[in-house]
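# Remarks on the overall topology
Okay, here's what each chain looks like letter by letter:
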Amino acid sequence: MTPQSLTLSAPAALVRRHDLDRFRFALFAPAKHREAVFTLFAFNHEVAKTRESVSETMIGAIRLQWWRDSIEGIYSGAPRDHEVIGPLAACVSDYGLPREAFDALIDARERDLEDRPMANLAETESYLRATTQPLVNLLTRILAPGQSSDADGLADIAAGHALVGKLRAAAFDESVRRPFLSRASLEAHGGESRQFAELKADDGARKAVREIAEHAQSLILRGVSRTPKHPHLAPLLLPARQARARTALLAKLDYDPFRPEFADHDPLDVWRFWVARLIRRY
């Protein structure tokens, strides 16, 4: 299977257009669940893009409330006419998905509206867990019903993958003056925040980035060790394979997150994913 061989639904097309990593992960879901996975990823993207989509935080808050009201409409039997909400309503009905997880994903995005760096690595991890674990819980209910214990290890993988993702997004975040990475962490290693804001990674900044990358790697290793390598869980296991490859690349780049090759998508990823799934090594 390749992306080109699919006739895409609206949610799948949205994910392919805006979240290529998750689109590739979803390709490895069992066929009967794949559309539900695309739909949840599409919902996640719509909520996650809130801050990027608005010019003022007040408008962002209004947008998040629109999504809360939309979730309310789904659970009250009156879903809005929207390319994601309609399929999401069907997904909720088909799989009996709990409302609390959707509300939690929306609430977690309130932090994005503050436009300030994380205080430290602990706050960073807490935020990333808040923005990924509810999605993992929903996907686990679809892909592995009755195996909720698997979600703990998968949540570690998701948090580690997201942490690597924030390193890859550092250049964008800094360029639009919405810094995410902790200034305290930079300065603890002797890095200069002003240079980092100018997309220059001095020696201290690279040390701080290395600390973050190694923490991401530890989360992923722990998550993989705690999770059965069932093929149906591949969409939630493959982020481990990808994040480990990206941290290895970052090490080769001397932990400079602003090197353009670090942000590139690897066209061979999907084929590596096939091998990882086949031999069950993530």
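Let me sum up the structure you'll find in this document. Here the structure is a predicted model, which is why all the values come from computation and not from measurement. (Residues numbered from 1 in each chain as written. Predicted model: local features only at pLDDT ≥ 70, side-chain atom pairs only at ≥ 80, totals over all residues. Heavy atoms only, no water.)

### Some details on the overall build of the protein chain
- The number of helices and strands found in the protein chain is 16 helices and zero strands.
- Against the 2.2 N^0.38 benchmark of 19 Å for 282 residues, the protein chain shows a C-alpha radius of gyration of 19 Å, consistent with a compact globule.
- Overall size of the protein chain, expressed as C-alpha extent along the three principal axes, is 55 × 50 × 35 Å.
- Per-residue burial over the protein chain gives 50% buried out of 282 residues. (Helix = DSSP H or I, 4+ residues; strand = E, 2+ residues; numbered from the N terminus. Rg over C-alpha atoms; globule rule 2.2 N^0.38 Å. Buried < 20%, exposed > 50% of the residue type's maximum accessible area, 1.4 Å probe, protein only.)

### Regarding helix H7 (residues 99–108)
- For H7, the complete set of buried residues consists of Ala101, Phe102, Leu105, Ile106 and Ala108. Along the long axis of H7, the arc covered by the buried residues comes to 165°, so they all point the same way.
- Buried residues along H7 sit in contact with helix H3 (31–48), helix H5 (57–75), helix H6 (85–95) and helix H8 (121–143). (Arc of directions from axis to C-beta. Contact = heavy atoms within 4.5 Å.)

### Some words on a nonpolar patch on the surface
- Side chains of Leu268, Trp271 and Trp274 sit close together on the surface and give an oily, nonpolar patch of about 310 Å² of accessible area.
- With respect to the helices, strands and loops of the structure, Trp274 is situated in helix H16 (residues 269–279).
- The class of Trp274 is partly exposed, set by a relative accessible area of 32%. (Patch = residues over 30% accessible without salt bridge, like charges linked within 9 Å, V, L, I, M, F, W, Y side chains within 5 Å. Areas by Shrake-Rupley, 256 points an atom, 1.4 Å probe, with all protein chains shown as cover. Salt bridge = Lys/Arg side-chain N within 4 Å of Asp/Glu carboxyl O.)

### Considerations on the packing of H8 against helix H13 (residues 203–226)
- Where H8 contacts H13, the axes come no closer than 12 Å and their chain directions differ by 45°. Relative to H13, the element H8 is oriented oblique. As for the relative orientation of H8 and H13, their crossing is right-handed in sense. On H13, the residues touching Leu121, Glu125 and Arg129 of H8 are Ile212, His215, Leu219 and Arg222.
- A breakdown of the residues in the contact of H8 with H13 according to their chemical character gives three nonpolar, one polar and three charged. (Axes fitted to C-alpha atoms, helices over the stretch in contact; angles between N-to-C directions. Parallel < 35°, antiparallel > 145°, perpendicular 65-115°, else oblique. Left-handed = near helix turned anticlockwise from the far one by under 90°. Nonpolar A, V, L, I, M, F, W, Y, C, P; charged D, E, K, R; others polar.)

### Some words on the nonpolar core
- Within the largest apolar cluster, 81 residues are counted, with the highest numbers of intra-cluster contacts made by Leu40, Phe43, Leu97, Phe102, Leu167 and Leu238.
- Looking at this core element by element, the count peaks at nine residues for H8.
- In this view, Leu238 contacts Phe25, Phe28, Phe273, Ala276 and Tyr282; residues no more than four positions away in its chain are not counted. (Core = buried A, V, L, I, M, F, W, Y, C linked by side-chain atoms within 4.5 Å.)

### What to know about the pattern of salt bridges
- For the coordinates displayed, the defined rule picks out 28 salt bridges.
- Arg222 serves as the salt-bridge partner of Asp156, at 3.0 Å between the closest nitrogen and oxygen. In this pair, Asp156 is assigned in helix H9 (residues 151–168) and Arg222 in helix H13, connecting sequence segments 66 residues apart.
- When its relative accessible area of 2% is taken as the criterion, Asp156 is described as buried.
- Two residues, Glu198 and Lys200, come together in a salt bridge whose shortest N-O distance is 3.6 Å.
- By relative accessible area, Glu198 is classed as partly exposed at 45%.

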